[in-house]
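# Tertiary structure, described
Okay, here's what each chain looks like letter by letter:
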Number of protein chains: 2
Amino acid sequence: MTNWLVSPFTDLMDNDTATEILEATYKAICQHGYADLSLSDIADETDRSKATIHYYYDSKENLFSEFLDFLYDRYTEQLTPVEGSTPREHLFTFLETVLSDEHTAPGQEFRTAMLEVKAQAPYDDTIRTQLVKFDEFLFEQLRDIITAGIASGEFDDTVEPTVAAEFLVTAVTGAHTRRVAVDHSTDRLLRAMRWYIETHIVDERQSEDDP
Amino acid sequence: MTNWLVSPFTDLMDNDTATEILEATYKAICQHGYADLSLSDIADETDRSKATIHYYYDSKENLFSEFLDFLYDRYTEQLTPVEGSTPREHLFTFLETVLSDEHTAPGQEFRTAMLEVKAQAPYDDTIRTQLVKFDEFLFEQLRDIITAGIASGEFDDTVEPTVAAEFLVTAVTGAHTRRVAVDHSTDRLLRAMRWYIETHIVDERQSEDDP
């Protein structure tokens, strides 16, 4: 499964100019970070001129806003079909996909740039509004999987889906931050999260049936 | 209880020049962020000249490294005496202190600057090493409180202190990131965390005794 955090463009088919520019933006942001990113840096990653980029996107802010929209579409496209034979499997696969910790340079560089972008959010309404969309998508997906697991009897019915989803979104966010700030492996958190789900979300009788 | 994230200098008594410069650094970073911070910005927040600052700290990097050391000392000084009549109360008070969500401008500005600093960590060994110290301190404190609670019988003895502490550190980190990136109240997470602790860490019989 492709992880948008590693490369949102891996299975990209439609290579029109606008998309080509967004792909160049991805490469440029991995290399230069967000604060120092210029349209020239982006042009350097394509065969297109700076003038062509200007024709499609009239400013760095406008381009970056389109870039976040594009990432959002890829993110939801990649996470929506994640499934499991049961809600419990679904929950594990979903979290593994979101936390997938490939130790490749572009993955870490991109995560780092995104953390920079998050630090811009208080000063940029457009960025904040777009980051809220990612945050809400994650929350709603997790809440729905937990709700489905309670309905099917696989999850403990004393679990409050909104509270558990809130907790998991926060932990996922923290895992990405710690990966950048203290180079803490998300694999370690994934183990802690599996434990949390097995002992606190999955109904006890289910855990015993199928350890 | 003073929260270092809001103002680490609130109860500062020893106003020697070096400390005065560190205090000015705090004000300057709140105002300008980390990336754009200059020694002139810091000088503007004190009666000292840029030359005096240079005398004490020969570069922005050196000053900032001292600043992180200073924050670390304040952080540990403020969190170490946090106590409760029982490990459970201790755990709640500790997390409340760490997550305290005062809606003051300097608090949010400082958190934002610190997120910027975290995004610098992959490119700066000194910063990363110092951030690791904060991360490890938090982990060790939480692990020790949980261990004490299991020993006293107040916490469930099937809880693995290192795994639960790992999970809580990640959630605390995520709460700070979400506060900046999506303006998500940490109060909401604090409720989710209370629920997590009451239902998953505190021994069931204790929760029933004292709901």
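Structural data are supplied above this passage.
To start, this report covers the structure provided alongside it. As the structure is a computational prediction, the values presented were derived from the model and not from experiment.

## Focus: the overall build of chain A
- From N to C terminus, chain A includes 10 helices and zero strands.
- Mapped in sequence order, the helices and strands of chain A form the string α-α-α-α-α-α-α-α-α-α.
- Every one of the 211 residues in chain A was classed for burial, and the buried ones make up 56%.
- Partitioning the intrachain contacts of chain A with sequence separation of at least 6 by distance along the chain shows that 67% fall at a separation of at least 24.
- By element, 46% of the accessible surface of chain A is carried by carbon and sulfur atoms, the whole surface being about 9100 Å².

## Structural notes on the relation of the copies chain B and chain A
- Structural alignment of chain B on chain A gives an RMSD of 0.0 Å, achieved by rotating through 180° and translating 0.0 Å along the axis. In short, the pair behaves as if placed about a two-fold rotation axis. Residue G174 of chain B, judged by its C-alpha, is the member of chain B lying nearest the rotation axis, at 1.7 Å.
- Comparing interface residues between copies, 98% of those in chain B also lie at the interface in chain A; the contact surface is shared.

## Side note on helix α4 (residues 60-79) of chain B
- Between its first and last C-alpha, α4 of chain B extends 28 Å over 20 residues, near the 28 Å set by a 1.5 Å rise per residue.
- Within α4 of chain B, 14 of the 20 residues are buried, which leaves the element mostly enclosed by the surrounding structure.

## Overview of helix α7 (residues 125-151) of chain B
Residues and elements named next belong to chain B.
- Helix length check: α7 (27 residues) gives 38 Å between terminal C-alpha atoms against 39 Å at 1.5 Å per residue, within 8%.
- If you check the start of α7, you find a side-chain oxygen 3.1 Å away from the backbone N of T126, and it comes from D124.
- After α7 finishes, the residue G153 shows a positive phi value of roughly 85°.

## Regarding the side chain of T112 of chain B
- With respect to the secondary-structure elements, T112 of chain B resides in helix α6 (residues 105-120).
- At a separation of 2.7 Å, a polar atom in the side chain of T112 of chain B contacts the main-chain carbonyl oxygen of Q108 of chain B.
- Residues within four places of T112 of chain B in sequence aside, it is in contact with A119, P122 and Y123 of chain A together with V180 of chain B.

## Side note on the interface of chain B and chain A
- Listed as interface residues are 42 residues of chain B and, on the opposing side, 41 residues of chain A.
- Summed over both sides, the interface between chain B and chain A buries roughly 3600 Å², with carbon and sulfur atoms accounting for 70% of that surface.
- Remark: the boundary between chain B and chain A carries six salt bridges.
- We note a salt bridge from E166 of chain B to R188 of chain A, for which the minimum N-O separation is 3.3 Å.
- Connecting chain B to chain A are 11 residue pairs in polar contact (both at pLDDT 80 or more).
- Broken down by secondary-structure element, the contributors of at least two residues to the side of chain B that touches chain A are α6, α7, α8 (161-181) and α9 (186-201) of chain B.
- Looking at side-chain class alone, the side of chain B that touches chain A contains 24 nonpolar, eight polar and 10 charged residues.

## Focus on the nonpolar core
- Counting residues in hydrophobic clusters, the biggest one holds 133 residues, and the most contacted among them are F167, L168 and Y196 of chain A together with F167, L168 and Y196 of chain B.
- The dominant element in this core, judged by the number of residues it contributes, is α7 of chain B, at 10 residues.
- The residues touching F167 of chain B, leaving out its near neighbours within four places in the chain, are F167, L168, A171, L189, A192, M193 and Y196 of chain A together with Y196 of chain B.
- With six residues, the next largest nonpolar core counts L115 and V180 of chain A together with L115 and V180 of chain B among its residues.

The rules behind these values
- The numbers attached to residues start from 1 for each chain and follow its sequence in the written order.
- Each chain takes a letter, starting from A, and each ligand takes a number, starting from 1, following the order in which they are written.
- The model is predicted, so local features are restricted to residues of pLDDT at least 70 and side-chain atom pairs to those at 80 or more, both for listing and for counting; the totals for chains, interfaces and linings are taken over all residues.
- Water and hydrogen atoms play no part in the side-chain values, which are based on all heavy atoms of the structure.
- Put simply, DSSP marks the helices as runs of H or I at least four residues long and the strands as runs of E at least two long, and each gets a number from the N terminus on.
- Exposure is judged per residue with a 1.4 Å probe applied to protein chains only, and the accessible area is read against the type maximum: over 50% gives exposed, under 20% gives buried, and values in between give partly exposed.
- Any two residues having at least one pair of non-hydrogen atoms within 4.5 Å are treated as being in contact.
- For the area figures, the Shrake-Rupley method with a 1.4 Å probe applies, and any residue is considered shielded solely by the protein chains shown.
- A residue counts toward the fit only if its pLDDT is at least 70 in both copies, and the copies are then superposed by least squares on the C-alpha atoms of those residues.
- By this rule the span expected of a helix is its residue count minus one, scaled by 1.5 Å.
- Side-chain atoms alone can form a polar contact between residues adjacent in sequence; in general such a contact is a pair of N or O atoms within 3.5 Å, and within protein one must be able to donate a hydrogen while the other accepts it.
- Put simply, buried area is the surface a 1.4 Å probe can reach on two separate parts but cannot reach once they are joined, added for both.
- Whenever Lys or Arg places a side-chain nitrogen within 4 Å of a carboxyl oxygen from Asp or Glu, that contact is recorded as a salt bridge.
- When residues are sorted by character, Ala, Val, Leu, Ile, Met, Phe, Trp, Tyr, Cys and Pro go into the nonpolar class, Asp, Glu, Lys and Arg into the charged class, and all the rest, Gly among them, into the polar class.
- The set of buried Ala, Val, Leu, Ile, Met, Phe, Trp, Tyr and Cys residues whose side-chain atoms join them within 4.5 Å is what this entry labels a nonpolar core.

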